[in-house]
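# Architecture at a glance
Okay, here's what each chain looks like letter by letter:
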Amino acid sequence: MESSKDMHRRQKILKVKSCPDSEAVKPQEYQGAPSISMTRTKTGLHGKEYQILEEILARGNMLNALRKVEANKGAPGVDGMEVSSLRKHLKEEWRYIKSVLLSGTYIPMPVREVEIPKPDGGVRTLGIPTAIDRMIQQAISQKLAPIFDRDFSEASYGFRAGRSAHQAVLKAKEYIEEGYRWVVDTDIEKFFDRVNHDMLMARVARKVSDKRVLKLVRSYLNAGAMVGGVVVERYKGTP
């Protein structure tokens, strides 16, 4: 059994692999998924490698992610670090953390699993990442979300930047005024607990060609959960 202290120590002693880009660590390929390779310029998109990891780890993007994590507060993860201690910790360790992220050797810590009572009975299982992993995930989301958001339905309002439940209510009122009277309410039971990792990553790889980012996202899916002091591996679902 590995304690949270031991896991933190293991993460800290990871050696950084120093090598030119052409010899960088190559994560697993995602079979069957066409990769869109592109780079941003002032005039548009061109058929070159789009190094989005550097954009994710850019100072401005990381500071924005840090502020959002601090604003959301939240409970500590398996390492016990409070969000209020994150900024001080980053001043001491960010150079190291960034180096292992760039080298492809960063290993996320397991989430702390908690059960939240549901209004209609039963419980909802939530995974609480460490403060550091929360910040990194937020930074990834800030760069990947706009790439995928443009393909989402205009009728979708949940968990999207610039959209809210209030807008959905206003849209529903418009439908009522147009004469619509029927509402169909559907729900996929335990959807997020059952997401297939391979299918999800294949779809991400259709729009993100930076293999380092694909490996990092996959590592978060596979991070596992700490349950009763024991790390439980995860093969499906989003923690």
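Thresholds applied
- Residues numbered from 1 in each chain as written.
- Predicted model: local features only at pLDDT ≥ 70, side-chain atom pairs only at ≥ 80, totals over all residues.
- Heavy atoms only, no water.
- Patch = residues over 30% accessible without salt bridge, like charges linked within 9 Å, V, L, I, M, F, W, Y side chains within 5 Å.
- Areas by Shrake-Rupley, 256 points an atom, 1.4 Å probe, with all protein chains shown as cover.
- Salt bridge = Lys/Arg side-chain N within 4 Å of Asp/Glu carboxyl O.
- Lys, Arg positive; Asp, Glu negative; His and termini not counted.
- Charge placed at Lys NZ, Arg CZ, Asp CG, Glu CD.
- Helix = DSSP H or I, 4+ residues; strand = E, 2+ residues; numbered from the N terminus.
- Buried < 20%, exposed > 50% of the residue type's maximum accessible area, 1.4 Å probe, protein only.
- Pairing = 2+ DSSP bridges.
- Axes fitted to C-alpha atoms, helices over the stretch in contact; angles between N-to-C directions.
- Parallel < 35°, antiparallel > 145°, perpendicular 65-115°, else oblique.
- Left-handed = near helix turned anticlockwise from the far one by under 90°.
- Contact = heavy atoms within 4.5 Å.
- Nonpolar A, V, L, I, M, F, W, Y, C, P; charged D, E, K, R; others polar.
- pLDDT = per-residue confidence, 0-100.
- Phe/Tyr/Trp six-rings, centres within 6.5 Å; stacked < 30°, edge-to-face > 60°.
- Lys NZ or Arg CZ within 6 Å of the ring centre and 35° of its normal.

## Quick word on a positive patch on the surface
There is a patch of like positive charges on the surface, built from Lys118, Arg124, Lys190, Arg194 and Lys236. Mapped onto the elements, Lys190 comes out in the loop between helix 6 (165-177) and helix 7 (197-205). Lys190 gets classed as partly exposed once you look at its relative accessible area, which sits at 48%.

## Concerning the sheet that holds strand 5 (residues 225-227)
Ordered in space as 4-3-5-6, the four strands form an open sheet in which the pairing is mixed. At either margin of the open sheet sits one strand with a lone partner, and together these are strand 4 (123-128) and strand 6 (230-232). Direction aside, neighbouring strands of the sheet carry axes that sit 45° apart on average. Summarising the sheet, strand 3 (residues 111-117) and strand 4 pair through six bridges and their orientation is antiparallel.

## A word on the environment of Phe148
Topologically, Phe148 is positioned in helix 5 (residues 131-149). Under the relative-accessibility criterion, Phe148 is labelled buried at 18%.

## What about the packing of helix 3 (residues 59-72) against helix 5?
One can describe the packing of helix 3 onto helix 5 by two numbers: an axis separation of 8 Å at closest approach and a directional angle of 125°. In this view, helix 3 runs oblique relative to helix 5, as classed from their interaxial angle. Seen along the crossing, helix 3 lies across helix 5 with a hand that is right-handed. In contact with Asn61, Met62, Asn64, Ala65, Leu66, Lys68 and Val69 of helix 3, helix 5 contributes Ala131, Arg134, Met135, Gln138, Ala139, Gln142 and Lys143. In terms of residue class, the contact of helix 3 with helix 5 is built from seven nonpolar, four polar and three charged.

## Quick look at the confidence of the model for the chain
With 79% of its residues at a pLDDT of 70 or more, the chain shows a mean pLDDT of 82. Within the chain, no element has a lower average pLDDT than strand 2 (residues 44-46), which sits at 39, and none a higher one than helix 3, at 97. Across residues 12-49 the pLDDT falls below 50, and counting only partners more than four positions away or on other chains, this stretch makes 66 contacts in the model.

## Some words on the packing of aromatic side chains
Summed over all chains, the structure comprises two aromatic pairs. Arranged with centres 6.0 Å apart and planes meeting at 80°, the rings of Tyr175 and Tyr180 form a pair that is edge-to-face. By relative accessible area, Tyr175 is classed as partly exposed at 37%. Owing to a relative accessible area of 54%, Tyr180 belongs among the exposed residues under this scheme. Their ring planes at 80° and their centres at 5.1 Å tell us that Phe191 and Phe192 sit as a pair that is edge-to-face. The residue whose ring lies beneath Arg163 is Tyr157, and the NZ or CZ to ring-centre distance is 5.1 Å.

## A short note on a nonpolar patch on the surface
Among the surface-exposed residues, Ile188, Phe191 and Phe192 lie close enough to one another that they form a single nonpolar patch of about 340 Å² accessible area. On the secondary structure map, Phe191 appears in the loop between helix 6 and helix 7. Residue classification places Phe191 among the partly exposed residues on the basis of a relative accessible area of 41%.

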